[in-house]
Every structure is written in structure tokens, then in C-alpha cells.
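# Observations on the three-dimensional arrangement
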There are 4 protein chains.
Amino acid sequence: MASNRGVAYMGPGKVEVQSIDFPKLALGSRKCDHGVILKIVSTNICGSDQHMVRGRTTAPLGLILGHEITGEVIEAGRDVEFVKAGDLVSVPFNVACGRCRNCKEGKTGICLHVNPSRAGAAYGYVDMGGWVGGQAEFVMVPYADFNLLRLPDKARAMAKIKDLTLLSDIIPTGFHGAVSAGVAPGSIVYVAGAGPVGLACAACCQLLGAACVIVGDMIPERLAQARSFGCEVIDLRKDVTLAEQIEQIVGIPEVECAVDCVGFEARGHGKEAGVEQPATVLNSLMSVTQAGGKVGIPGLYVTDDPGGVDQAAKTGNLSIRIGLGWAKSHVFTTGQCPVLRYHRQLMHAILYEKFHPAKAVNVTVISLDQAPQGYQDFDKGAAKKFVIDPHKMVA
Amino acid sequence: MASNRGVAYMGPGKVEVQSIDFPKLALGSRKCDHGVILKIVSTNICGSDQHMVRGRTTAPLGLILGHEITGEVIEAGRDVEFVKAGDLVSVPFNVACGRCRNCKEGKTGICLHVNPSRAGAAYGYVDMGGWVGGQAEFVMVPYADFNLLRLPDKARAMAKIKDLTLLSDIIPTGFHGAVSAGVAPGSIVYVAGAGPVGLACAACCQLLGAACVIVGDMIPERLAQARSFGCEVIDLRKDVTLAEQIEQIVGIPEVECAVDCVGFEARGHGKEAGVEQPATVLNSLMSVTQAGGKVGIPGLYVTDDPGGVDQAAKTGNLSIRIGLGWAKSHVFTTGQCPVLRYHRQLMHAILYEKFHPAKAVNVTVISLDQAPQGYQDFDKGAAKKFVIDPHKMVA
Amino acid sequence: MASNRGVAYMGPGKVEVQSIDFPKLALGSRKCDHGVILKIVSTNICGSDQHMVRGRTTAPLGLILGHEITGEVIEAGRDVEFVKAGDLVSVPFNVACGRCRNCKEGKTGICLHVNPSRAGAAYGYVDMGGWVGGQAEFVMVPYADFNLLRLPDKARAMAKIKDLTLLSDIIPTGFHGAVSAGVAPGSIVYVAGAGPVGLACAACCQLLGAACVIVGDMIPERLAQARSFGCEVIDLRKDVTLAEQIEQIVGIPEVECAVDCVGFEARGHGKEAGVEQPATVLNSLMSVTQAGGKVGIPGLYVTDDPGGVDQAAKTGNLSIRIGLGWAKSHVFTTGQCPVLRYHRQLMHAILYEKFHPAKAVNVTVISLDQAPQGYQDFDKGAAKKFVIDPHKMVA
Amino acid sequence: MASNRGVAYMGPGKVEVQSIDFPKLALGSRKCDHGVILKIVSTNICGSDQHMVRGRTTAPLGLILGHEITGEVIEAGRDVEFVKAGDLVSVPFNVACGRCRNCKEGKTGICLHVNPSRAGAAYGYVDMGGWVGGQAEFVMVPYADFNLLRLPDKARAMAKIKDLTLLSDIIPTGFHGAVSAGVAPGSIVYVAGAGPVGLACAACCQLLGAACVIVGDMIPERLAQARSFGCEVIDLRKDVTLAEQIEQIVGIPEVECAVDCVGFEARGHGKEAGVEQPATVLNSLMSVTQAGGKVGIPGLYVTDDPGGVDQAAKTGNLSIRIGLGWAKSHVFTTGQCPVLRYHRQLMHAILYEKFHPAKAVNVTVISLDQAPQGYQDFDKGAAKKFVIDPHKMVA
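What you are looking at is a predicted structure, and each value in this text was computed from that prediction instead of being measured.

### Quick look at the interface of chain B and chain A
- Opposite the 19 residues of chain B that make contact, chain A presents 19 residues.
- Looking at the side of chain B facing chain A, the largest losses of area belong to B:Pro185, B:Tyr352 and B:Lys354, adding up to 36% of the total buried there.
- Along the contact surface separating chain B from chain A lie zero salt bridges.
- For the side of chain B that touches chain A, the secondary structure elements donating two or more residues are helix H7 (196-207) and helix H13 (343-351) of chain B.
- With three residues, H13(B) is the single largest residue contributor to the side of chain B that touches chain A.

Structure representation (C-alpha cells):
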């Protein structure tokens, strides 16, 4: 039991499965008697991992990746009261203490006690507190009573594990984007990006009762995936403006709500397709969102981007058409999703068969050893959400 | 064109179709140049009409019934700017001026300018301002620019008229109850009552993303109707407590949210089935709603009830177990639904085929002359929502 | 150090200061390594303690009273990370785990892990989980990292200790009532009751920007106290209706917001002054609150009242004019205040000299041995908030 | 009575008092029988007028300025029901119809029926619908029943007219900025800019219960004005970072809430003082607002700025450090304040003497003929809010 293997970042474009330490109830010298050790049941590759793997961050070599974790508790620290060995649990990607001002307000994405360098932490991510990632066989989760969501009936949960594995990040993240954009029954929404978060967001918009969900992307397979569960789609490779394409669908060149599920590695549309234009999504959302609308921004924007298109972009400064947003009284909500605020109710929606996100994002199960291949395929734009199954419990 | 016919209340248990005046742009001596005359396309019988017809109010003989109105504008007053002859429109049951403090805050259910005796008015209802009811061929609607919702494409709208006719009252009313109860994605909800408002509420809970919607009633046909669109049901005739029946469905004897779609003519459960117990629904909702839950109360409670079970009930005083609600930190939201707050977005949900309320409430179209029969059948508990089609435009 | 003394309930009308056990980091067999031992700096007598002392509950003899606690940490359990010996802290009266669904949502008044018999717990209170009260020299506080509010600068805090001591209950409770009633800048508010919670609520209404705060009571000293910090007052002994008295002050017989700071031991007004009428406050608030208004109900209503005026009242069933509330679209918010949601920001308001609650409620410091006298004086209606100073650190 | 005079924009740096047409109940060919003619009691010069007067917009010569209007009704159109000749009224600067989707939702700053070229309109402003400005003796206000706030008691109102005149714009605008930034009891707030809107915002933060309000500017007189009513101040001319100056005041280099009351004509701080840097305020607010904080942006950002510092700025594109905002989960709220949402309650706060904004912004009354001088003095940074008194009713 004391062996462990995990997916390591070994330089731009390179990830490897390596033998790694079996987790302890500690982070360096910091004791974590409030933590548990999990045998990982499923752990997903995330688009934000790709930013590191593409070399767009300062992630150190050897960093163990993975922040989308579902597992079974095999050991609980002495201070853990309400989670027990044997429990099947979903782990929010945000590491949170449950004891600081922000956690008490439900802002677990910006916990003050888990990252010495800034508010907020995550597993297996650069600058996010040094917590070991979970694309592995085993992982340690601190503040287990606070963070973990127990999946109530193991057999019933395992039958839906491909859906439930998405509770650790992309479903709540997509939901947070939708909620921040004001999506509600009857909404007409545009979701920028049909990667896993975009598709998850589109599915969440439907769960929230949206009347019409439009998804834009430049990869035909991803658009087909969006269409498969009832979304309208916009092919951004076409040399037709986004507004015109929206008008063809809904009769007017505007939507009520918009969500940016792309972030800073955005590329130009139409004739400029393929050229990195980091503010293009934000600016296009201002142009197509009606006055009074809200823009949810779960897509990641960073403070430091060694590969930025210009000097400003390298420090996270983008040329944003704020004058237009202001004229339309837009509201912009940014930041990491506080998973804990949403995961319990989304679990209910899955368990009661109201909501089928695995189909929406095309969950594809792979072994731990297939992770490097998964990263490559995902980077090429596969319309798949790769779920690693390190103990062959899912497949 | 100058003739008109309408459904009149003629005493307990009696309604008649009568020749009535063709509407004018006035209410008595009050000029309504801001109003329009509608040719009525559809007009529904409502459970709250039954309170009058059963003699449980002080409604005067001759009152023309009907507050659920959809129609075509045939004449617009000189002060109407944005609605034109030919427009197909949904009429909120609340009469509202759009100019008082409450209307400006979206509280159109308690408009201050349309009823000399209290806040709030409606068409064809006792104590609600004297506005002539719309179970008729033609009706006048004041403050047309403010009140009316234009159905954007007439052909497309007429194809869904059985759904859209419900926008004037029961769909927004059910929605308001659900929203007031905090229903959101993943919620586990109990809806008391499977009459049209209860069924509409249940359908709205689904639209809002509820994971599990449980509906309770004592009429098997109504429960079957609830089951037909995916609700769980509870038969209150059984001598098993509500809590136990809930536990059989969800594993615990509590729900997260509850909605009272019954109101003051409630009857006892189990062994006391059939006995009027006006507070029984409210009290049972406190017992089965979890601590911290909210209770939406769209069901009507009145200030004066000549048929009340005791002296207190005759003036709207009921024996409520507030001590229990308090111990559970419940929040109670009462009052008429402000239809205008919700109808546009619910129309979207219908037009984009996201939402099918006509099926949920079993819309049944009848002619104006069949209205008296409709009242009788409805009073006996038919699991139907009767929609009057005075000009044979629906059927 | 291992000695301790506390205020015990010894039967109706009787409290005694007794030698009691020095606190341990445990509650019976339940270990509390997440807890701390406090040397109590100040601990207040609360109106809700009086319900027990008057014999209106099933409190057992020997119960140690006191849930309004401010203290200095003298020992921290091994699982406590962010609170240290020497810290000066305010203790929310709600005992909460910080790990259950409700705590994660900020609903610490109905924590699910601290009271086997219902949601929610408190120190020194009947049916509230058995946690030992803090009208004593020392007390144990569980889940210290989550519950405690550190007062940031000890000297600065001790200089304002008479204000800060109110953060454990009545200031947040009054604030919660005001917020629940929708009080905001410009509001015209009626606060029922000028006991300490009513006065605290009135002061909070002012902090929230209310334009006009009206306080009603039957004790002249309490009304004078309310007047002392700028409230308008209504003497309920007068044989003039509440509505008429409100009209004399604001020109119309209605207020925008209302707060019930009385609860179930309410007494009649005017000619019926002195007669217990448990629903009279709730019913009068419905009559004077404008349509669309909200009613905050921090005043306690109980599920079991051995001294209730009739059989219904003994089980918390009161005759409430719900028909009137419904006609006015009122919203009613009940329950214990979740102190943790409010105490940090209210502390800021005190420390920056924006807010002076000690003056508003007339804080009066007494020794531990004077506690029995304090209970008696308070029961007679003294316009004072008694603060016990067990270690002579305040005075 | 049929004569009229008003303040006209006659080119960069030039305003003149001219004879102008007496208002009609029309805007060009659009009839406004829903409107009223006002005899103007007071009308204020606004910072946003200065953008036009400085030549930073495309305002046409001859445009009559003025959108901050208080007046007495002298004639009401035939469709006006609830406002009468003789009424003293405050006019929200936003022209709004009260009948479109946005107005019904309270979003009167982006009304859809009053400006053919975009959502939202105002009196006397470029690109805002062509409504004649109110720095004049008389003006026409459309949709009077909806827009106007009646000041209830004329004598009482005239006694406070210097405060009440601010209800048409800067008090609600400052309040909206504060509310958008999440200001509430106990907040620690930074307000960028000590012009009239900044000072109004600071006063509103105090009304909302903020514990500590810090105002930054580069003009000593304006900072002195802020200090005069209890604000902390920061002199941005100093070569000390904003964060450091905040730390000196509150002990940490961060605030909880921030409001941008400057807008696009912002200038650099410290060594770069005086150099136009249009995004500097937004970027500095991101750096000093704590993670999870909100930024209110009532300061104007435009879509077209002929005098912009570079090509991007000329079309409203600014270099914004969105990466930092995202890392801190900031929320940004932009746009015109919907005055109607706030003015009634703020009027209460003034009438009940809870709130004294005229002192905070240093209201200075001038005659209509002194308006050109007022513009000049204001442009030089006078710490005054100029209120024009065209009929000598104020002074």
C-alpha cells in the first residue's frame, strides 16, 4: 500500500507517470491531522493543467499534476470527526481551511490559510500552495471535514461515477460561470468555448432552465459535442461576426447572458483564427451581451504569463474595451469557482437523474499510464474529458 | 363587434354566461386612455375563482369572473405607445399602474393606484378593485404599455397557445412559490396540492433544476397527473404521516423547500381527510421542511371568510405552529405573485421548447358556453386546467 | 486556576452562584480537542435566560446559565491552529461545528453536529445541546478556529469592551432582525420591544441607515433609553392604537419594516396591557407594516411552553392573522441569529467608533456575585444590560 | 412665462447662457403627453458635463447642458395622472419610459425606448437621446408619472433643498457605486476621487454604515473637504504607493471595497501625477482591494474619446490588469446609476435628518448667469458642488 505513482510535469509538452511518495498527513513541516489519505477512484485532466504543460506558467519540473479528484478514504487524521475510512468522497479542487474569514463566507476559492503567497490554493498547481496533485494512486486532502463531499450511497454513486467525478471542478466551475452571468429560467446565453468547461457550463445553463444555450468554438468536433445535447452552436472559424451568427439563431444580435470559458489563451475569430488575442473573448462578449447583462468569467486570466503575446500580456494586462462594457452597464465576475458552494446540490441533480454531465462533456476513461497520451490528445482539441482510473475501479 | 358575453357569478354554486357590456376605455368614471380593448383568445378558470363560486367570499351577484387572459389588441387608447392593434398579448392577472412605488420596485401584486380599498388588484375578483373580468369575449386592460407582454411572433405563439395561456397566472404563480421557497438546481421539494397551481409549481420546480419534486394531494387523478411528468407523489388520504411518506421517497423525513399551493380551504390528512383545517398545510410544511428551509405560500389566505370553520378563521386568524417554524429558522413568503416579474422569461422557456406546462396541468379547451360545466367539473377535482376559447381561435 | 464558579438555575425565580467544575476540552464523552478554555472577561445576562428563570421552559435544576461570552484563551486544544493562548475573543452564542452543510452555508444557528435533539445549539441553554454556560469564571468553547472572533488589538479592544461584549449575541441578533426586515438606508422601521435586544436592534437600524426608528414598549424607563439615542418611541400602555401612534410620528399609519424583539411572552397593549397574548406582537406588526414589507422575528417562539396561556400555546401554536399578512405580501423571517455571519463587520463598526451599542442598551457592569440581583432587576424591567465581570477585568 | 434661458455648450472650454425655446410636451416629432413642464428650482453642474466642455466628446455646438434637475410642475400632459401642477419634484438624470423590459426590471439607466442609438438616455448630454438639458429656467420631463419623485411637503423640502437637489444624480450615483462595491455596516472602503461624486459616494458609504471611508485625490482642497465630514484621506501626489498609504490608516495594505469615482480622464499618481493614464484608477483598485472584494465603477468610461491618449483609448480600449483582478476573484460593476432605484429612500434619509450630503459636497449656490464661471472654477478643481438657482428660489 505504501507505493504511489503520479503524473509529473517534466517541461513544456512533457508529462510522465512516475513513482512518487505515498502521501502523509502533512505538507512539508505543516501537520495535517485534519486531513485524510484517499485511494483515488477517478481523477480528471483539466484544461487549466494544459496551461502548465504548454509552458505558459512558471510550474517547476517534477510538479505532480491533478486537482480533479474523487476517492475513497483509507486513513483519517486524528482531528477528523465526520469523515471515515471507507467513505467515497468528492474533493473540491480548491484547498480550503474552513476557518478563515473567506471560508466562513463561502469564498473557498480564496482561502487565507492554505497558500503563503496569495489567497486561494489547489492541488497540483503552480503558485497554488504546493499541495501535491491527485493524478496519482493516492493523495492527501487537508481539512477533510470541511472540504469533502460524501457521496451518500457507494453502489449508487459508483454507478454514476463518470458524472460524479466532474463535481470536483468543471461542473461547479461551469455552474459558477452560468450563475455569475445571471443564467436563470428562460435565459438566452452565449458560452464562449466548447472545451470541457464550456460544455459543462452549457449543460449547467440547461439545468438552470435557460431557454437557448449557444456555444461558440473553432473545433468542429467540440461543436458537434455541444450540439449532441441540445445546444445551438457557432463556428468561429467562419468569417461572419459573432453578432450576426447569434442573430441567425435568436433573431437579434444579442444574448442576455454570456460566459467566458476560454481565458487568456484565446485566439482570434474569422480571418484572424489561430492568432493569439488574449482579450478577444472578453471584448466579443461585451459586444454581444445586451445592456444590463452580466458576464461570468470562469476562464483563467493570469498575473504572469511567460508566453504572453506582448509585454503587457506577460503581466496579465490586456486591452479591454471597458468603454463599451460601461455603456452597457455590464457586470463582470472573475475568479476561481468556490466548488463547495455548489457541489452538494449538483450531486443531488446527478443522483436523481436530472442532470447528465458526463455525456455532455464526453467523459473518456483512461488508465494512469495513458495520462501522457490523454494530455496530448486533449491539447490537439479532442472533444473528450479524460478521466484517469488509477485503480481500475471505474472501467 | 359591439356585443359581448361573459361568465357571471350568480350565487354559491352558480355561474352563468350572460350578455354584458362591450368594454370601454374606462372603469366607471376613471378614464383609461392608457388601456386597450382585447379580443380574448383564451381565458382560464382558476382555483381562486372557485373560492368565490363556492360562496367563501363576499363577491356580489353579477360579478364577471376571469383574471387569466390572453388576447389580441383591437383598440388602443390614445396614451398607449408600444402596443398596437393586432398584437397578441398575455395579460398579468394583477392590474398594475407601473407608476407607483410598488410597481417601480417590481411589486405589481400590490400596486397602490388600482384599488381604492387596499394594495393590489385583479380582473374579475371580489375586493380587487372592480376591474371587469375576462371570462368573456372582450375585455379592457388598463396601463397596457406597462402590463402587457407581447407574444413576439403570432403564428409561432398560436402554435403554443395552450402553454402561453398559462402565463397570465398559474405558471408565474407556481414559479413565484418555487422561487420563494428557494428552489434551485438540485433541490428536493415538496409541493402541497396537485390542483393546477400545484402542478404548475411542480413543473416550474423542474424548470428551476430541482432534483426531486414531490407533490401531495388527496385526489388520485391529480396525483396521476403529477406522476405523468416525472413528479414523485404522496397520497394524503393514507393514514401515514407526510414525513414518513417523504422518507420513503428520499430516505429522510424532510425536504429542503416547500410550497403551499392549497391555501385556506385546506382539509385534514389521513383519518381527518375531508375535514376543513385551514392551517393544516402550513403546519405540515413546517414539520417536513428542514431547518433553514423556506416556505413559499402562493396558496391564498384571506382576511374575511364567511364560511370559516370558527370565529377566528372567519377573520383570517389561524392556529399556526410558529414555535416550530421559529426553531427551524424558517422563512415564509406570502402574497399574490407579481406576474410581470416572471412572465417574459417563462415565455422564452415555452417558445424555445424548454418547458411544457400545458401538458403538466392538462389543459382542456372548452367553449365559453361550457364554462359553467367547467366550473362544476373543476370543483369536483378534475385533473384538468380549463381554458375557455370564446372565439374558437384555440381549438 | 483549577477552580471555577458559575451562575446556576435552581428553579423558577432562583439563580445561585455556585462552585462548578473547571472546564475540560470535552462535552461528556465527546472529545473537543478543537476547543479552547477561556478565562471569561465579560458575560452578559440575556432576556432569553429569563424565559428559563421564569420557569417558562423545561430547564433542569443546576443548569449553568450564560451564552454571551467574551474571554481570553488560556488553553487551546491540539487541533486548534489559528487561535492561541492570550488571544482575546468574542464567542458567538451559537455553538457550531463549521463542518456540516448548514455551517458551510453560514447558517450557524442551525448547525447539525452539536445538538443530538435538533438543529442548533447554544451555551447554557435548555434543549440546546448541553454545552456548559458561560456566566462563570471559565468556560470551554468547541471548534474554536471556526467559532471565535479574535479582537485584533487587546488594549484597543479592552478600551471598548462594554461595546464588544455585545457581539456575542444581542448586537448581531438585533442586526439580523433588522436585515431580515429589509432595513436599509432611508427605511422607516418599527421595533417592537425596548429590552436589550430591541434597543440593540434599534441601534443597528440606525447603523444600517434607517431614516426613522420607532420603538414600542410599555416600560417608561426603556422608552426613555430608546429616546436617548435618537429613536422615536411609542408607549403601548396608552389606549391609542399602534397605527395611530405611528401616524402621529410619520404621517401615515404604516412603517416599511418591522422587527419583533419580544417573542412569545408578549403582553396586550392599551386596555389589555399586562395580559399575556403571545401572538399580539406578530399580529400588530402585520397590521402596521406596509404591503410588500418584511417582518424580522428575532424574538423567541418556542415549541414547548409549560406556562402557555392555553393548550395550543403550550405547544407553540398561536392564533396568527395570516390572512392579513398574505393580503399584504409580507415575508416573515424567524429563528436564531447566525452570529458568525455578522460579528466581524460589527466589530469593525465598533472599533472605528462608528457604532456605540453599549450606550444604546445601557451596559451596566456587575460582579459574578451580583448576578442573582441582576436577574431580579432585569426581570422587573430595568432599562439596563447587565454585564458580568467575573475577573474584575472590565470595571 | 414663454421665455426661457439655458446654458449652452459652444465649443471646448466655452459655455454661454442663451435664450432658448420654452419647452413643449414633445421631443421633435415625438409627442410627450406623458410629460410635464417644470419651472426649475435648482440644477447642478456635474463632472460629466465637464467631459463635454473639455472637448472630450463629440457634443454638438449649441447643446443645452444639464441633467441634475429639481423643479416645480407648471403644466402636466393629458396622460399624466399622479403628478399635478404645483408639485415639487426631483428628476432622475436618466430619461426612462417605465414601459420597456429594462425599466420594468428597475434598470432605468438603460431604458430601451428613449434613445434611438443605444440603451439609456439623459437630459442635455451627447449621444443620450437628444433630450433638452435642464441648466435653464424651464425644462420638459417625459414619462412624468414614472420618472418623478414628489417631494412630499413643499416647505419642509425647500428648507432642505440644497440636499434634495443632489437626489437627481450624484447622491444616487455615489450610493450605487457604494452598493455595487458591497459597502455595508463595518466596511473598510476606498473611494477613488474627491470630486462631487467621490464625496457623495463617501457620504453614502457612511450612511451605509461603513466603519472606515478612505478617499484619495490629488487636490488638497478636495481632500480637506473629505476630511471635514469624517473621511480618512490619501494624497495621491505623494510618492508613496496607494497600498502603503492605506496600510498607514488601517494597518493592512488592503480595503474590503473600492469605488472608482474618477473614470476615463484619470491621471497618474506620485511621480506620474498629472499624466493622463486612463486605466490607472481601475488597476490601482485591483491592487488594493482584497481578494473577494467588489469594485463599483460609477466613474464614466466612454466608447469614443477624441482626446484619448492613444489609438486604443480613443475607442474606449484600456490596458487593464485583468489577470490580477481574476486572481483575486473581483467583481466589477459598471454603468449609469439607475437613480429611480434609490432616490425615494435617500430622500427619506435627508428629510429625517439622517444624512447631510450638501455639507459633504460643499453645495455652492450660483445664479444662472454665473454658470459659465461655475464651469471654470469647477474645472480648476474647486472643492464645491455648484447648484444653479435660475429663479432665485434657493438662495
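### A look at the side chain of C:Asn44
All names here are of chain C.
- Summarising the element assignment, Asn-44 is placed in strand S5 (residues 36-44).
- You can call Asn-44 buried: its relative accessible area is 0%.
- A polar side-chain atom of Asn-44 sits 2.9 Å from a polar atom in the side chain of Thr-165.
- For Asn-44, the residues in contact, after removing those within four places along its chain, are Asp-49, Glu-68, Gln-135, Thr-165, Leu-166, Ser-168, Lys-385, Phe-386 and Val-387.

### Some details on the interface of chain D and chain A
- Between chain D and chain A, the contact holds 40 residues from the first and 40 residues from the second.
- At the junction of chain D and chain A, the tally comes to zero salt bridges.
- Seen at the junction of chain D and chain A, the total is 25 residue pairs in polar contact (both at pLDDT 80 or more).
- At the level of secondary structure, the elements contributing two or more residues to the side of chain D that touches chain A comprise helix H2 (101-104), helix H10 (280-288), strand S16 (289-297), strand S17 (318-320), helix H12 (322-327) and strand S18 (331-334) of chain D.
- Here the element with the most residues in the side of chain D that touches chain A is H12(D); it accounts for six residues.
- Split by residue class, the side of chain D that touches chain A holds 18 nonpolar, 18 polar and four charged.
- Summarising the sheet, strand S18 (residues 331-334) of chain A and S18(D) pair through three bridges and their orientation is antiparallel. What sits directly across from A:Thr333, in S18(D), is D:Val331.

### What to know about the state of the cysteines
- Inspection of the entire model under this criterion finds zero disulfides over all chains.
- Take A:Cys201: it sits in no disulfide, and the sulfur closest to it among the cysteines is that of A:Cys261, at 4.1 Å.
- We note that D:Cys97 lacks a disulfide partner, and the nearest cysteine sulfur, in D:Cys111, lies 3.6 Å from it.
- On the basis of relative accessibility, which here comes to 2%, the residue D:Cys97 falls in the buried class.

### Focus on the sheet that holds strand S18 (residues 331-334) of chain C
- The strand order S14(B)-S13(B)-S12(B)-S15(B)-S16(B)-S18(B)-S18(C)-S16(C)-S15(C)-S12(C)-S13(C)-S14(C) describes an open sheet built from twelve strands, whose pairing is mixed. In this open sheet, the two edge strands, each paired with only one partner strand, are strand S14 (232-235) of chain B together with strand S14 (232-235) of chain C. Neighbour to neighbour, the strand axes of the sheet diverge by 20° on average, direction disregarded.
- Across four bridges, strand S12 (residues 188-192) of chain B lies against strand S15 (residues 255-260) of chain B in parallel orientation. Each bridged residue has a counterpart across the sheet, and for B:Val189 the counterpart in S15(B) is B:Cys257.
- H7(B) contacts S12, strand S13 (212-217) and S15 of chain B of the sheet and is inclined by roughly 170° relative to S12(B).

### Quick word on the pattern of salt bridges
- Taken as a whole and assessed by the stated rule, the structure comprises 91 salt bridges over all chains.
- Between C:Asp145 and A:Arg99 there is a salt bridge, with the nearest N and O atoms lying 2.7 Å from each other. Of this pair, C:Asp145 sits in helix H3 (residues 144-147) while A:Arg99 sits in the loop between strand S8 (94-95) and helix H2 (101-104), placing the two residues on different chains. Here C:Asp145 matches A:Arg99 in class, with each residue buried.

### So, the environment of D:Ala371
All names here are of chain D.
- Tracing the backbone shows Ala-371 in helix H15 (residues 371-379).
- With 350 residues separating them in the primary sequence, Ala-371 and Asp-21 have C-alpha atoms 19 Å apart.
- When sequence neighbours within four positions are dropped, the list of residues in contact with Ala-371 reads Val-7, Ile-45, Ile-366 and Ile-388.

### Here we look at helix H6 (residues 170-180) of chain A
All names here are of chain A.
- Taken across its eleven residues, H6 has ten buried, putting it largely inside the fold.
- Taken together, the buried positions of H6 are Ile-170, Ile-171, Pro-172, Thr-173, Gly-174, Phe-175, His-176, Gly-177, Ala-178 and Ser-180.
- After H6 finishes, the residue Gly-182 shows a positive phi value of roughly 80°.

What counts and how
- Residues numbered from 1 in each chain as written.
- Chains lettered and ligands numbered in written order.
- Predicted model: local features only at pLDDT ≥ 70, side-chain atom pairs only at ≥ 80, totals over all residues.
- Heavy atoms only, no water.
- Contact = heavy atoms within 4.5 Å.
- Buried area = accessible area lost by both parts, 1.4 Å probe.
- Salt bridge = Lys/Arg side-chain N within 4 Å of Asp/Glu carboxyl O.
- Helix = DSSP H or I, 4+ residues; strand = E, 2+ residues; numbered from the N terminus.
- Buried < 20%, exposed > 50% of the residue type's maximum accessible area, 1.4 Å probe, protein only.
- Polar contact = N/O pair within 3.5 Å; in protein donor to acceptor, adjacent residues only side chain to side chain.
- Nonpolar A, V, L, I, M, F, W, Y, C, P; charged D, E, K, R; others polar.
- Pairing = 2+ DSSP bridges.
- Disulfide = S-S within 2.5 Å.
- Axes fitted to C-alpha atoms, helices over the stretch in contact; angles between N-to-C directions.

Shape is all these values report; function is a separate question.
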